[in-house]
Amino acid sequence: AKRPSAVENVCDLPGGLVLLATVIQSARMDDLRDRLARVLPNRQTFDAILELIAKPVPVPSGPEHVTDEDVAHAAAYAVGWWLGQGGRAGTGRDGRDNTPTMSVRFDAVGGSGPSRFAAFIDSLEALRDRLRSVAVFKGDAFLVLPQIPDRFTSAIYIDPPFIVQGKALYTHAFDVTPRDEPGL
């Protein structure tokens, strides 16, 4: 893992990551861990989760305002992200036939979705500690990036949009015009 930078910000426009981080930072993290520990990784659970996370994500105003519904939605996002095929989260097209697919492996190379999911659950406390020095918010990266100073101590990770494929590839796509491309 990389060492923490002096300033770290996570900007998530759809909001699922913000919701999960908020629940992890809240007094309800144990509720989240208990809910996740009861998940039996299977295709039916995964399919049900996909329906839930396709809906808009309301984000509580702070960790002290996390509700039962927030915990349930955060758990759904964690299940979808950690059990889905790596590198395809959010695309809505994970399988060979362009349908979302749960990660299943029949050998030990790279681990399976369920084994990675179990490791994620075990790491929630460490993730909470790590997030204490990270600003996580729902917002548009194009509005945030100009505010970040270009310094050696700054770390920026951007999940770039695929301009040509855009809406055909991502569930939460946005319109990018040729005028926008130089800014990317």
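Look a little higher up for the structure.
Residues numbered from 1 in each chain as written. Predicted model: local features only at pLDDT ≥ 70, side-chain atom pairs only at ≥ 80, totals over all residues. Heavy atoms only, no water.

Caption draft 1: Summary view of helix α4 (residues 68-83). An ideal rise of 1.5 Å per residue puts 22 Å on 16 residues; α4 measures up with 22 Å between its terminal C-alpha atoms. Restricting attention to buried positions, one finds in α4 the residues Asp70, Val71, His73, Ala74, Ala75, Ala76, Tyr77, Ala78, Val79, Gly80 and Leu83. Each element contacted by the buried residues of α4 is listed here: α1 (16-25), α2 (29-37), α3 (43-53) and α5 (113-122). (Helix = DSSP H or I, 4+ residues; strand = E, 2+ residues; numbered from the N terminus. Expected span 1.5 Å × (residues − 1). Buried < 20%, exposed > 50% of the residue type's maximum accessible area, 1.4 Å probe, protein only. Contact = heavy atoms within 4.5 Å.)

Caption draft 2: Looking closely at the packing of aromatic side chains. Per the counting criterion, the structure on display carries two aromatic pairs. Consider the rings of tryptophan 82 and phenylalanine 120, whose centres lie 4.9 Å apart with planes at 20°: the pair is stacked. A residue pair is termed long-range when its members are at least 10 positions apart, and tryptophan 82 in helix α4 and phenylalanine 120 in helix α5 qualify at 38 residues. What makes phenylalanine 120 buried here is its relative accessible area of 5%. (Phe/Tyr/Trp six-rings, centres within 6.5 Å; stacked < 30°, edge-to-face > 60°.)

Caption draft 3: Here's a closer look at the side chain of aspartate 70. By secondary structure assignment, the location of aspartate 70 is in helix α4. Buried within the structure, aspartate 70 lacks any salt-bridge partner; its nearest side chain of opposite charge belongs to arginine 28, at an N-O separation of 7.2 Å. Dropping the residues within four chain positions of it, aspartate 70 is found in contact with Leu19, Val23, Pro58, Pro60 and His65. (Lys, Arg positive; Asp, Glu negative; His and termini not counted. Salt bridge = Lys/Arg side-chain N within 4 Å of Asp/Glu carboxyl O.)

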